[in-house]
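In case you want the letters, here they are:
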Amino acid sequence: MSRRNFIKLSGLVAGALAFPIIDTVDAANGSKRSNSLRKSTLKLRFKPYELQLKHVFTIATSSRTTTPVMLVEVEYDGLIGYGEASMPPYLGESHKSVAEFLNKVDLSAFHDPFELETILAYIDGIDKGNYAAKASVDIALHDLLGKMLQKPWHKLWGLDATKTPNTSFTIGIDTPEVVKGKVKEASEFKILKVKLGRETDKEMIQAIRSITDVPICVDVNQGWKDRNMALDMIHWLAERGVVFVEQPMSKYAIDDMAWLTEHSPLPTMADEAVQTIYDVLATHKVYSGINIKLMKCGGMRNAHKMANMAKTMGMKVMVGCMTETSCAISAAAQLAPLADWADLDGNLLINNDLYNGVTIVNGKVTLNELPGIGIQLKHA
Ligand code: MG
């Protein structure tokens, strides 16, 4: 296809009109391939979408009921790879910024999707930041390659699909009564993730412990300001079946965090303090481990590198997510056999998922054998 004929979307409205939700090929099985001798090119399409949350979601710094995402497709030789960018407001990306970034992406020069390092280096070099936008193309390319090879990514990475951890289910900050209701709804999960970082921390834990003994992990989202108070709180939490503490203090409190990690009876996990692969080294001996999210680090390629880097340094690995459809969740789940913990519940928090993908069976992240990132459109 010539550069001139390449469909270049000029903005959100054009993107919305051009994006075909219904496939013309059975992409998941890769059964319909073009036999044309013409040189195929990679074609990128995208469309904004708004995720509707089942509950108002409150963390230490904000509350919200919707999350904007961008749905992305990369097509090559009749096969379609799916990707997604999720933009919770605190990350600083938006429908507008992601559309602007994706409009700069010109894949028409690439004729071989297997040149993944080259293509992703080109995308990374378009502009700094924009990690969710970059992740959306990265995920779609991985999905496409997996479909071309007829293999899911956990297999291509040599991972054992049975070695996935249980996923935590996130309980936002709320009143004890609402918290109890949410915990009852989450009875199939073997580990709960509780958002802390306000004056009501102990009330939240006590409300949960009044109805269940399942392990809890807590995410403070930088909410604790004093390291002695933080250490006292971690001791209190350890006595109540908490298994690790995520981002207890500010990402800038490096000396305090190193002290806290050294003295803490529980592992400490970096989340806000670790965005990309370039941050991993700086978390060594400051935190016990890192929370890897595709939207923070730019996609599956970097996430896989970060997981291996952290494990090589003896650190714990957690695979997390934003509020996302099963597209980005299933992409992240391909890494789950490498993780000590998974927090892949973002698709379970929404009412309007567009895909079927990885599932949670008896609390455990359960990978399927579908090629690529393991998803199919719900209404193909
Ligand atoms: Mg977190």
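Structure: above.
Residues numbered from 1 in each chain as written. Predicted model: local features only at pLDDT ≥ 70, side-chain atom pairs only at ≥ 80, totals over all residues. Heavy atoms only, no water.

S.K.: I'm lost on the packing of helix 6 (residues 176-185) against helix 7 (residues 201-209) in this one. Help?
M.R.: When two helices pack together, their arrangement is given by the angle between the helix axes and the distance between those axes. Close contact between helix 6 and helix 7 brings their axes to 9 Å; oriented N to C, the two are set at 45°. Between helix 6 and helix 7, the interaxial angle falls into the category oblique. Regarding helix 6 and helix 7, the two cross each other, and that crossing is right-handed. For the pair helix 6 and helix 7, the contacting residues are P176, V179, K180 and V183 in the first and E203, M204, A207 and I208 in the second. Of the residues assigned to the contact of helix 6 with helix 7, the class counts are 6 nonpolar, no polar and 2 charged. (Axes fitted to C-alpha atoms, helices over the stretch in contact; angles between N-to-C directions. Helix = DSSP H or I, 4+ residues; strand = E, 2+ residues; numbered from the N terminus. Parallel < 35°, antiparallel > 145°, perpendicular 65-115°, else oblique. Left-handed = near helix turned anticlockwise from the far one by under 90°. Contact = heavy atoms within 4.5 Å. Nonpolar A, V, L, I, M, F, W, Y, C, P; charged D, E, K, R; others polar.)

S.K.: Which parts of the structure should I look at to understand the nonpolar core?
M.R.: The nonpolar side chains of soluble globular proteins are, as a tendency, buried together. Grouped together as the largest cluster of nonpolar side chains are 118 residues, with contacts concentrated most on L102, V218 and L237. In terms of residue count, the dominant contributor to this core is helix 4 (residues 131-149) (10 residues). In this structure, this core is formed jointly by two domains, domain 1 (3-149) and domain 2 (156-377), each of which donates at least three residues. Those residues in contact with V218 that lie beyond four places of it in its chain are V194, L196, I205, L237, V242, F244, V245 and E246. In this structure, I191, F244, M269 and M318 belong to the second largest nonpolar core, which totals 6 residues. (Core = buried A, V, L, I, M, F, W, Y, C linked by side-chain atoms within 4.5 Å. Buried < 20%, exposed > 50% of the residue type's maximum accessible area, 1.4 Å probe, protein only. Domains from an automatic or database assignment.)

S.K.: Just checking my understanding: could you explain the coordination of the magnesium ion for this structure?
M.R.: Angles at a metal have ideal values that depend on geometry: 109.5 degrees with four tetrahedral donors, 90 or 180 degrees with six octahedral donors. Every protein donor of the magnesium ion is listed here as D219 (OD), E246 (OE) and D271 (OD), and their distances to the metal cover 2.1 to 2.2 Å. On the primary sequence, the residues serving as donors to the magnesium ion are separated as D-x26-E-x24-D. Of this pair, E246 sits in strand 7 (residues 242-246) while D271 sits in the loop between strand 8 (268-270) and helix 10 (280-283), and the two are 25 residues apart along the sequence. A residue is classified by how much of its surface remains accessible, and E246, at 0% relative accessible area, is buried. Judged by relative accessible area, which is 4%, D271 ranks as buried. (Donors = N, O, S within 2.8 Å, 3.2 Å for Na, K, Ca; no water.)

S.K.: Looking at this structure, I do not really get the environment of V74. What am I missing?
M.R.: Note on placement: V74 falls in strand 2 (residues 63-76). Residue V74 is classed as buried on the basis of its relative accessible area, which comes to 0%. Residues V74 and T41, spaced 33 residues apart in sequence, show a C-alpha to C-alpha distance of 9.9 Å. Beyond its immediate chain neighbours, meaning those up to four positions away, V74 contacts L42, K43, L44, L79, I80, G81, L107, V137, A140, L141 and L144.

S.K.: Is there a simple way to explain the side chain of S326 in this structure?
M.R.: As for its position among the elements, S326 is in helix 13 (residues 326-333). S326 sits in the buried class, given a relative accessible area of 4%. For S326, the residues in contact, after removing those within four places along its chain, are N347, D353, Y355, G357 and I375.

S.K.: So what exactly am I meant to see when it comes to the packing of aromatic side chains here?
M.R.: The geometry of an aromatic ring pair comes down to the distance between the two centres and the angle between the two planes. Following the criterion strictly, the structure yields 5 aromatic pairs and no others. Measuring from ring centre to ring centre gives 5.4 Å for F110 and Y122, while their planes differ by 50°; the resulting arrangement is tilted. Residue F110 is found in the loop between helix 2 (95-104) and helix 3 (116-126), and its partner Y122 is found in helix 3; the two are separated by 12 residues along the sequence. Taking relative accessible area as the criterion, F110 reaches 11% and is therefore assigned buried. Relative accessible area serves as the criterion here: at 26%, Y122 is assigned to the partly exposed category. With a centroid separation of 5.3 Å and 55° between ring planes, the pair formed by W153 and W157 is classed as tilted. A relative accessible area of 8% means that W153 is categorised as buried. Taking the ring centre of Y131 as reference, the NZ or CZ of K134 above it sits at 5.2 Å. (Phe/Tyr/Trp six-rings, centres within 6.5 Å; stacked < 30°, edge-to-face > 60°. Lys NZ or Arg CZ within 6 Å of the ring centre and 35° of its normal.)

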